[in-house]
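Results of the structural survey
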Amino acid sequence: MDGFGGEAEITRRCANHHPTVWGDHFLAYANLMGATEWEGKEHEDLKEEVRKMLVMFPSKSMQNLDLINTIQLLGVAYHFEKEIEESLSEVYNSYEEWIIGEVDLHVVALSFRLLRQQGYYVSSDVFRKFTDDQGNYKKEFIKDVQGLLSLYEVAHFRVHDEEILDEAVNFTTTHLKLLLPNLSNSLATQVRDALKFPINNVIVRVGMRKYISFYQEDELHNEVLLNFAKLDFNILQILHKKELCDITRWWKESKIAQTLPFARDRVVELYFWSLGVYFEPQYSIARKILTKVLCFCSIMDDTYDTYGTLDELSLLTSSIERWDIDASEQLPPYMKLSYLALLQVYNEVERELENLGNKSFRVKYSIIEMKKLLRAYFQEAKWYHGKNVPTMDQYIKNGIPSSTYLFLATTSWLGMGDVATKEAFDWISTEPTILVASCIIARLLNDLVTNEIELERGDVASSIECYMNEYDATKEEAYMEMRKIIEKRWKDLNRGCLKPTAVPRVLLMPVINLTRVAEFVYKDEDAYTFSKNNLKHVISMVLVDPITA
C-alpha cells in the first residue's frame, strides 16, 4: 500500500528533506505586546528630528547625499519618501552642471547611484574622467577604499552598453580584495559583505540589520538617526513576529506538514521570503497572502519534482486547470488534501480583498499564473519521465514560469492597496521584460546551487546539463555561461526601473525584491531546502532577536 491510501505499491522518489528547524517557536508570540506608549512617542519625536535634518542641508551637498544614503541603508527611508524624492529630483535637474567639475570618485559615484536607485537615468560617461586614454581606471584610485567601494556599488546598477561600468566591476572587485588584509575589522567586514551582496542585491531587512552594527561603530555616526533606526527595527520586528505567529498557527491547523511528509516544511522561511519582498507595515495583509500561497508553491514543487507519478501529475494539472472543488474527486487522497486547501486559501483571499473594497478581481490574475506554473512543472516531469534533455531555448522558455516568479510577482500585488489597478495587472500579465529577467535570474541561480544534488537524485536536467548537452561544453563552461546570462538579465532589471516606468515604481519593487531574495537564498547553497545552515542564523537576526542598546 502507498502511504496515502493508494491501491497498489508505487515506488516513489523522496528527497529526505530535514524537518522544520523552528517547530512552534513563533506560536509563543501570540500575546506579544506592541510598542509601549513611550516607545511610540519616542519614535515619532526621533522621526521628526530626522525629517528636519533632511530639509536642513542643500540638496547638492555631500552632507545631504550622505544622509539620504545612510537613511536608506538603515532601512528607514520608507518614512521619508516624499522628502527624498524632492531632494533627489533637485539633484537630477542640475546634475550635469554640478558634477562636471567634481573630481572626488566617492562623491560622483554616490550621487550617481542614489539617482539611479531613485529611477533617474544619468549617463555613465561621468566616470570617463577617472579613466586613462586606454579606458582603464587610473592607478591613483587603487588605494581609495571609499571611492572603490562606491564605484563598485554603482556598477551593479548598470544597464546594457555601459562598458565603463562593466570595467568598474572588475577593477573595484580586484582592488578591494587586495586591500582587504590591511583594513580595520569593521571596514573589512563591510567590504567582504559588499563583495558578496552589493546594495542592489541585498534583502533590505537583512542589509539594514547588518548596517546598523557598522554604523554604530562609525565614530562619526549620528546618534538621533542611529536610535531612530534601532527603535524602528524593533517596533517593526514585533509586527512581523505577530504576523508569523498567525501564519504558523494557520499552517499547524491545516495539518498539511504532517500529512505530506515528503514536502519541505518551511513556513518560517517562506514568511522570510515574503518579508524580503516588502517589510513595511502597510503590507501586512500582502505578506500574509503571499506567504500562504508560497506554501502551496513549495508543496506543488515537491509533488511534481519527486513524489507524484506521471499519471497523478497529469490528473493534478487538469484539476488545477478546472479550478473547482469537483475536480478534486479524480485525485489521489494526498493530492486532494493540498488541492482543496489551495482552493480554500484563494477563497479566503477573495473574501478579504472584497472586504478591502472590491479588489477581488485581482485573484483571477494570480490563478492564471498558478495554472502556468503547474503546466511548467508538469513539462519538467514529462522531460524527466521521458528521459529527455531539452535544448537551452526550450529549458529557458519553460523555466520562466517554472521559476515561480511570474506567479509570485503577480500574487505579491494582491494585497498592495489602490496602486495595484486593473491596468497594472493587465500589464504584468503580458510578461514584461523586467519580470522575465527576474524569472530567468531566479531559475538559473537555483540551478547553479542545486545542480549537483539534483543530479545525484536523478532529477530533470537543469540549465547546466541542457547547455553541456547542446554545446558539448564542460561543466565549468556551462556555469560561466549561466553567470553571464544572469549578469545580462540584471541589466534588463535595472533598465526596467528607470523612469518613465510602465507602472508606478512601488509596484516594480516586489519584482526587484523577489530577485534579491533569489540572490540571497541561492548564493552558496539552496538555503531554502537546507534551511538549518546559514539561513537559520539570518532569520534569527531579522525575526527573533531585537536590537539591544
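Preceding block: the structure.
The present account deals with the structure reproduced in this document. (Residues numbered from 1 in each chain as written. Predicted model: local features only at pLDDT ≥ 70, side-chain atom pairs only at ≥ 80, totals over all residues. Heavy atoms only, no water.)

1. Regarding the overall build of the protein chain
The number of helices and strands found in the protein chain is 24 helices and zero strands. Here the C-alpha atoms of the protein chain give a radius of gyration of 24 Å, agreeing with the 24 Å that 2.2 N^0.38 yields for 549 residues. With the principal axes as the frame, the protein chain shows a C-alpha extent of 80 × 65 × 45 Å. Taken over 549 residues, the protein chain has a buried fraction of 58%. Sequence separation of at least 24 residues holds for 74% of the intrachain contacts in the protein chain that already meet a minimum separation of 6. In the protein chain, the 61 positive side-chain charges and the 82 negative ones have mean positions that sit 1 Å from each other. (Helix = DSSP H or I, 4+ residues; strand = E, 2+ residues; numbered from the N terminus. Rg over C-alpha atoms; globule rule 2.2 N^0.38 Å. Buried < 20%, exposed > 50% of the residue type's maximum accessible area, 1.4 Å probe, protein only. Contact = heavy atoms within 4.5 Å. Lys, Arg positive; Asp, Glu negative; His and termini not counted. Charge placed at Lys NZ, Arg CZ, Asp CG, Glu CD.)

2. Here we look at the packing of aromatic side chains
According to the stated counting rule, one finds 28 aromatic pairs in the structure shown. Here the aromatic rings of Tyr 78 and Phe 279 are separated by 5.5 Å at their centres, their planes lie at 90°, and the arrangement is edge-to-face. You can see Tyr 78 sitting in the loop between α2 (62-73) and α3 (81-93) and its partner Phe 279 sitting in the loop between α12 (267-277) and α13 (284-307), a full 201 residues away along the chain. Neither Tyr 78 nor Phe 279 differs from the other in exposure class; each is buried. Centre to centre, the rings of Tyr 307 and Tyr 334 are 5.1 Å apart; their planes meet at 80°, and the pair counts as edge-to-face. In this pair, Tyr 307 is assigned in helix α13 and Tyr 334 in helix α15 (residues 333-355), connecting sequence segments 27 residues apart. Exposure class is identical for Tyr 307 and Tyr 334. Each is buried. Joined through ring pairs, the aromatic side chains of Phe 361, Tyr 365, Trp 413, Phe 425 and Trp 427 make up one cluster. In this structure, Arg 205 is placed above the aromatic ring of Phe 233, and the distance from its NZ or CZ to the ring centre is 4.1 Å. Taking the ring centre of Tyr 120 as reference, the NZ or CZ of Lys 499 above it sits at 3.8 Å. (Phe/Tyr/Trp six-rings, centres within 6.5 Å; stacked < 30°, edge-to-face > 60°. Lys NZ or Arg CZ within 6 Å of the ring centre and 35° of its normal.)

3. What about the pattern of salt bridges?
Under the definition given, this model contains 31 salt bridges. Between Asp 302 and Arg 264 there is a salt bridge; the shortest N-O distance is 3.0 Å. Residue Asp 302 is found in helix α13, and its partner Arg 264 is found in the loop between α11 (256-259) and α12; the two are separated by 38 residues along the sequence. Classification of Asp 302 by relative accessible area gives buried; the value is 3%. Close ionic contact of Lys 372 with Glu 369 constitutes a salt bridge, the shortest N to O distance being 3.2 Å. Of this pair, Lys 372 and Glu 369 both sit in helix α16 (residues 362-385), three residues apart, which is roughly one turn of the helix. Each member of the pair, Lys 372 as well as Glu 369, is classed as buried. Among the charged side chains, a salt-bridge network with shared partners connects Arg 158, Asp 166, Glu 487 and Lys 491. (Salt bridge = Lys/Arg side-chain N within 4 Å of Asp/Glu carboxyl O.)

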